[in-house]
Amino acid sequence: MNPRPLDFDDPDRLYTVTGGRSRVDDDALDLVTLVVAENDPAPGMQSEHVAILRLCRHEPVAVVELSSHLRLPVSVVKILLLDLRDTGHITVRHPTSATTVNHPADLETLKQVLVGLEAL
Amino acid sequence: MDSKPSDQPAAPGAGGAPAGPAGEVPLRRTVRDALKIVIVGGFGVGKTTMVGSVSEIRPLSTEEVMTEVGVGIDDVARVSDKRTTTVAFDFGRISLDDHRVLYLFGAPGQQRFWFIWDQLFSGSLGAVVMVDTRRLEDSFYPLDRLEHHRMPFVVAVNRFDGPGPQPSLERVRDALSLPGNVPLVDCDARLRESCKGVLITLVRHLATLHDPTALQEAAQ
Ligand SMILES: Nc1nc2c(ncn2[C@@H]2O[C@H](COP(=O)(O)OP(=O)(O)OP(=O)(O)O)[C@@H](O)[C@H]2O)c(=O)[nH]1
Ligand SMILES: [Mg+2]
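Being a predicted model, the structure only gives us computed values, none of them experimental.

J.: Got a minute to help me understand the pairing of strand β7 (residues 184–187) of chain B in this structure?
T.: Residues in a regular strand point their side chains to alternate faces of the sheet. Direction of pairing for strand β6 (residues 153–158) of chain B relative to β7 of chain B: parallel, over a ladder of four bridges. From the neighbouring strand, Val157 of chain B faces β7 of chain B, where its bridge partner is Asp186 of chain B.

J.: Would you mind going over the environment of Arg100 of chain B with me for this structure?
T.: By the element assignment, Arg100 of chain B lies in strand β4 (residues 100–108). When the C-alpha positions of Arg100 of chain B and Leu206 of chain B are compared, they lie 18 Å apart, and in sequence the two are 106 residues distant. Arg100 of chain B has contacts with Thr109 and Gln112 of chain A together with Asp33, Leu35 and Ser95 of chain B, leaving out every residue within four places of it along the chain.

J.: Is there a simple way to explain the confidence of the model for chain A in this structure?
T.: Parts of the prediction with low pLDDT should not have their coordinates interpreted in detail. In this model, chain A carries an average pLDDT of 83, and 78% of its residues clear a pLDDT of 70 or more. Low pLDDT (under 50) marks residues 1–9 of chain A, which in the prediction has 29 contacts with non-local residues, meaning those over four places away or in another chain.

J.: How should I be thinking about the site of ligand 1 in this particular structure?
T.: Every one of the 15 residues lining ligand 1 counts as a neighbour, but Lys47, Thr48, Thr49, Asn158 and Ala189 of chain B are closest to it. Looking at the residues close to ligand 1, they fall on chains A and B. Gly46 of chain B places a polar main-chain atom, nitrogen or oxygen, 2.9 Å from an oxygen atom of ligand 1. Arg159 of chain B places a polar main-chain atom, nitrogen or oxygen, 3.4 Å from a nitrogen atom of ligand 1. Sort the elements by how many residues they give to the shell around ligand 1 and helix α1 (residues 47–54) of chain B lands first, with three residues. A class-by-class count of the residues in the shell around ligand 1 yields five nonpolar, six polar and four charged.

J.: Where do I start with the nonpolar core in this structure?
T.: One broad trend across soluble globular proteins is that nonpolar side chains are buried collectively. Residues Leu81 of chain A together with Tyr103, Phe105, Phe153 and Val155 of chain B are the most contacted members of the largest nonpolar core, which totals 66 residues. Per-element tally for this core: the top contributor is helix α4 (residues 74–86) of chain A, with seven residues. The contacts of Tyr103 of chain B, once residues within four sequence positions are left out, are Val32, Ala62, Val64 and Glu65 of chain A together with Leu27, Ala34, Leu35, Lys36, Ile37, Phe91, Gly92 and Arg93 of chain B. Core analysis: the second largest hydrophobic core is formed by 34 residues, Ile94, Val128, Cys187 and Ile200 of chain B among them.

J.: In this structure, what is going on with the packing of helix α3 (residues 114–121) of chain B against helix α4 (residues 140–149) of chain B? I would like to understand it.
T.: How two helices sit against one another is set out by the angle between their axes and by the gap between those axes. Residue and element names in this part refer to chain B. Here α3 crosses α4 at 45 degrees, and the two axes come no closer than 12 Å. Taken together, the axis directions place α3 and α4 in an arrangement best described as oblique. The two elements α3 and α4 meet at a crossing, and its hand is right-handed. Residue-level contacts link Trp114, Trp117, Asp118 and Phe121 of α3 to Tyr141, Pro142, Arg145, Leu146 and His149 of α4.

J.: It is not clear to me how unusual backbone geometry should be interpreted in this structure. Could you clarify?
T.: Excluding glycine, most residues fall at negative phi; most peptide bonds, likewise, are trans. Even without a glycine there, the phi angle at Arg71 of chain A is positive, about 55 degrees. In this structure, Arg150 of chain B is a non-glycine residue whose phi angle is positive, near 55 degrees.

Criteria and cut-off values
Residues numbered from 1 in each chain as written. Chains lettered and ligands numbered in written order. Predicted model: local features only at pLDDT ≥ 70, side-chain atom pairs only at ≥ 80, totals over all residues. Heavy atoms only, no water. Pairing = 2+ DSSP bridges. Helix = DSSP H or I, 4+ residues; strand = E, 2+ residues; numbered from the N terminus. Contact = heavy atoms within 4.5 Å. pLDDT = per-residue confidence, 0-100. Near = heavy atom within 4 Å. Polar contact = N/O pair within 3.5 Å; in protein donor to acceptor, adjacent residues only side chain to side chain. Nonpolar A, V, L, I, M, F, W, Y, C, P; charged D, E, K, R; others polar. Core = buried A, V, L, I, M, F, W, Y, C linked by side-chain atoms within 4.5 Å. Buried < 20%, exposed > 50% of the residue type's maximum accessible area, 1.4 Å probe, protein only. Axes fitted to C-alpha atoms, helices over the stretch in contact; angles between N-to-C directions. Parallel < 35°, antiparallel > 145°, perpendicular 65-115°, else oblique. Left-handed = near helix turned anticlockwise from the far one by under 90°.

Set out below in structure tokens:
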């Protein structure tokens, strides 16, 4: 787990994939935001967009799982996802019980988590 | 702007039975709420093993990049990699019911990876700190950060075979200066039941922090 060079083929790929953009609207997508494809890839679409739409066309897939399967860093995947969202190709389901310091998970959610874990 | 023409073959399972990217176990279609728990600890302490012991998918890994100026992709692209830090982390998941899935993240505890912590902790229910009694000092930084983030946590002691007697949990508590109300448990990350027990301890702790009487009914 040492810092190491990015392990995909070509570092320039990152730049190309995102069209050189660095914008990450950080609050827009969480690591566990669930992504659902709304339609099939359009002809001529960027290959990473196509790959995302294929990965989440049958069921929701979390941002972090997309990142793992595409072998792209999370922040790059987020940029690609915002493109797809802005063009209506995907919808997202935000984590509704996400907690903050001032808003811990509600008791009902915690109890459901316990039930789920005990059933493991 | 296209990096490649869009001619890749369909993902495995496409066209046939629904098969998610995780292959064996796709998420349920009805899932709408994803929860997070983070497992932190020093190098080789058993984080990935723990994720694998309870996850319904084999642990997956991915990475995040950071540059000196933040998460700017521009700089990432011009990899003079002195300026780029990559942090790898892994994760697994447990489907809790039709609507909820719990993600478990295994995150490195070293200080140089601080930048991933905000992302991982953001929205998390809580954390498990794994400690190796041979290297207790590896947990000082994670414990400090968790307190700083006001992230509730439990401590799991992974016992590795080593020379000499194992310190008792009380000794570990003292050495880590853990407050009395922080649960401290033994764990063998290779055993599903043991890991399940750690996660249950965490969630019960969270419920109790919320409301000290929350689980009294259940306990009777
Ligand atoms: N005795 C014992 N060995 C363990 C336990 N958990 C993990 N191991 C072993 O310790 C080694 C490291 O475990 P990992 O799960 O890879 O540790 P990690 O924290 O993910 O390591 P890094 O990601 O490299 O920091 C493996 O060989 C495991 O089989 C445990 O509870 N007890
Ligand atoms: Mg690991």
